[in-house]
Amino acid sequence: MAPLLETMPMVSGDGDTGYARNSTLQGGEQGNVKPMIEEAVASLLDGANQFPGGMVIADLGCSSGPNTLVLVSSAVNAVRCRCLQLQQLPPELCVLLNDLPGNDFNSVIKSLATYREAQEEISPLITSVVPGSFHGRLFSKCSLHLICSTASLHWLSKVPEELVRNGIPFYDSDEAVRRSRRSIIVKAYARQFEKDFTRILRLRAQEMVPGGRMVLSMIGQRADEEANNSLRHLEFMTAVLHEMASVGLIDKEKFDSFYIPCYGPSEKELREIIEAEASFSIIKMAVHEPTICVGRGSTTPNTRARIMRAVIEPLVVQHFGSSAKVMDEFVSIAEGLMKMLPLDEYPNKPGAFVAASIVRRT
């Protein structure tokens, strides 16, 4: 499969199939982490940190659309509110938005320019976009004070090589075979996530000032779920693709070599990785149930199917060479399968989000 730099940006544009109109679950999680961002800002401003050169705030995986500025605007508002409480002038703020080069940055820049113009009536605000993968270096050393990220860091740098090397497909039409392989596949994905997330922490530690804070949230597992459930969202989407392959909508031979580079860790897994890497101390962790943004969507099967399409379409198009018409069929088949599943099974019961607030050790 091609590098993530080419395949992972969400579907661009503000049309019916674009990520901008199909990101209500992600938007809901941004609301869930807002208190964590406010607490992180209060800690920064109440502590020994000084900001003679301003405070720098970054968002990893900003994407495009209505969610793009939610995290950074929450941080900016929190800074100004806390400074007002402390009866001090707010520091100059610099906001950096990161995503892959293929992201719809034209839309992001327009939104950023409008936001900056409105905010500068209150106090100076510097803004910029930073194209690149968060699996590599992005920012100058010791330059960041606060990093925010939701619904992004579960994306892997690549699929587990051991599965590709050994010819183990992610999905098998035989349920017995699928069940027997599930543990092997989950462990391979978990090892890749551990490797990738350890590197993410190590890189961000280089880029953050001592005492800097990071608030992150990603698709994960509930505490009462079995480890083998960690890939159920991928299994459902791959099951939809299997149905498409069985009726000739996509190539059957290519199906066995299709993997989605994504892993949802448990709170325990995330904690253990953070503690083992040792650059950060954990302030708070939480597991959030999915929340739909009020007035911006619903939990109907069609809505959930369109959310999946907005996320997976770039991968499917790159691997199978599929068209928009074929992806319309993806939505139709996914919606039909959801209606056949019990209400307590994924995706009728979407996966949880695992969140953490951590501080760069001095």
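Fair warning: this is a prediction, and the values are worked out from it, not measured in the lab. Along each chain, residue indices are assigned from 1 in the same order as the chain's sequence is written. Where totals are concerned, whole chains, interfaces and linings use all residues; where local detail is concerned, this predicted model gives features only for residues with pLDDT of at least 70, and gives and counts side-chain atom pairs only at 80 or more. Each side-chain value is derived from all of the structure's non-hydrogen atoms; neither hydrogens nor water enter the calculation.

Q: Which residues make up the overall build of the protein chain, and what are the values?
A: Here a strand is any run of E in DSSP of at least two residues, a helix any run of H or I of at least four, and the numbering for each starts at the N terminus. The secondary structure content of the protein chain amounts to 11 helices and 7 strands. Summary of the burial criterion: residues with accessible area below 20% of their type's maximum are buried, those above 50% are exposed, and those between are partly exposed, where the area comes from a 1.4 Å probe applied to protein chains only. Residues classed as buried in the protein chain amount to 56% of the 362 residues present. Contacts in the protein chain between residues at least 24 apart in sequence constitute 83% of all its contacts with a sequence separation of at least 6. Working note: accessible area of the protein chain is about 15,700 Å², and carbon and sulfur atoms make up 51% of it. Every residue pair with non-hydrogen atoms within 4.5 Å of one another is taken to be in contact. Accessible surface is estimated by sampling points in the Shrake-Rupley manner with a 1.4 Å probe; for residues, cover comes only from the protein chains shown.

Q: Which residues make up the environment of L97, and what values do they have?
A: In this fold, L97 is placed in strand 2 (residues 93-99). For L97, a relative accessible area of 0% puts it in the buried group. Between the C-alpha atoms of L97 and S128, which are 31 residues apart in sequence, the distance is 6.4 Å. Discounting residues that sit within four places of it in the chain, L97 has contacts with D59, C62, T68, L69, V72, F105, V108, L112, S128, V129 and V130.

Q: Describe the packing of aromatic side chains, listing the residues and the values that go with them.
A: When the centres of two rings from Phe, Tyr and Trp lie within 6.5 Å, Trp using its six-membered ring, the rings pair. Their planes under 30 degrees apart give stacked, over 60 give edge-to-face, and anything left gives tilted. Applying the stated criterion to the full structure yields 5 aromatic pairs. Between F170 and Y189 the ring centres are 5.7 Å apart and the planes differ by 70°, which places this aromatic pair in the edge-to-face class. Note that F170 is positioned in the loop between helix 5 (161-165) and helix 6 (175-207) and Y189 in helix 6, a separation of 19 residues in sequence. Look at Y189 and you get buried, because its relative accessible area is 0%.

Q: Could you give an account of the pairing of strand 1 (residues 55-60), naming the residues involved and the relevant values?
A: Along strand 1, 6 of the 6 residues are buried, which leaves the element largely enclosed by surrounding structure. With burial as the criterion, each face of strand 1 is covered, one bearing M55, I57 and D59 and the other bearing V56, A58 and L60. Pairing between strands is defined by DSSP: at least two bridges between them are needed. Across 6 bridges, strand 1 lies against strand 2 in parallel orientation. Counted as the bridge partner of V56 is C94 from strand 2.

Q: Let's hear about unusual backbone geometry: which residues, and what values?
A: Phi at Q87 takes a positive value of approximately 55°, unusual for a residue other than glycine. Mapped onto the elements of the fold, Q87 is located in the loop between helix 3 (70-86) and strand 2. In this structure Q87 comes out as exposed when scored by relative accessible area, which is 76%. Look at A151: it is not a glycine, yet its phi comes out positive at around 55°. Looking at the element boundaries, A151 is found in the loop between strand 4 (144-150) and helix 5. Residue A151 is classed as buried on the basis of its relative accessible area, which comes to 14%.

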